[in-house]
Amino acid sequence: MGVSVEEFLKLVGELPEVRTGRGGDWVSFKVRGKGFGYLWEETETVGVKATIEEQIALVAERPEVFEKQFTAGRYGWVVIHLDRIDHDELFELVAEAWCLTAPKQLVTAFEETHQIGRIV
């Protein structure tokens, strides 16, 4: 179990129209100018957008893997420890964060080729 920083970057690269940016000691991930995730290479952690309900559930179920980062409006951001999660679960969480952020037409096209469930 565990995902390296390099594996994480490759995983994010599978999502359509992702752009990266640098800020201090972190890398941001955006789709059409809107953020859905961050990477802190030094700590090998990522932060992803989620629903508040999912944020609460993830942190309650596995606090050794997930931490509450912050909430903003109807979203809760979750910190994920890369060395404590498997690739498939991480891809699902990052893809869901992307789906919460991307325009509907991009989400629809993506969901036709990936089975992650519809995010509304």
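Values in this document were obtained by computation on a predicted structure and should not be read as measured data.

Student: Explain the side chain of Thr101 to me, please; I cannot follow it from the model alone.
Tutor: Structurally, Thr101 can be placed in helix 3 (residues 87-101). With residues up to four places along the chain from it excluded, the contact list for Thr101 reads Val31, Lys34, Gly35, Phe36 and Lys49.

Student: Would you mind showing me how to read the packing of aromatic side chains here?
Tutor: Any aromatic ring pair is given by two values, namely how distant the centres are and how the planes are angled relative to each other. Counted by the stated rule, this structure contains 7 aromatic pairs. Between Phe8 and Phe29 the ring centres are 5.6 Å apart and the planes differ by 80°, which places this aromatic pair in the edge-to-face class. Taken as a pair, Phe8 in helix 1 (residues 5-13) and Phe29 in strand 2 (residues 26-31) lie far apart in primary sequence, 21 residues in all. Overall, Phe29 belongs to the buried group, its relative accessible area being 2%. Note on Trp26 and Tyr38: the rings are 5.3 Å apart at their centroids and 80° apart in plane angle, and the pair reads as edge-to-face.

Student: Help me out: how do you make sense of unusual backbone geometry in this one?
Tutor: Trans is the prevailing form of peptide bonds, just as negative phi is the prevailing case for residues other than glycine. Even without glycine at this site, Arg32 takes up a positive phi of about 50°. You can see Arg32 is positioned in the loop between strand 2 and strand 3 (34-40). Taking relative accessible area as the criterion, Arg32 reaches 45% and is therefore assigned partly exposed. Phi is positive for Glu44, which is not a glycine, with a value near 50°. Here Glu44 shows up in the loop between strand 3 and strand 4 (45-51). A relative accessible area of 39% places Glu44 in the partly exposed class.

The rules behind the values
- Residues numbered from 1 in each chain as written.
- Predicted model: local features only at pLDDT ≥ 70, side-chain atom pairs only at ≥ 80, totals over all residues.
- Heavy atoms only, no water.
- Helix = DSSP H or I, 4+ residues; strand = E, 2+ residues; numbered from the N terminus.
- Contact = heavy atoms within 4.5 Å.
- Phe/Tyr/Trp six-rings, centres within 6.5 Å; stacked < 30°, edge-to-face > 60°.
- Buried < 20%, exposed > 50% of the residue type's maximum accessible area, 1.4 Å probe, protein only.

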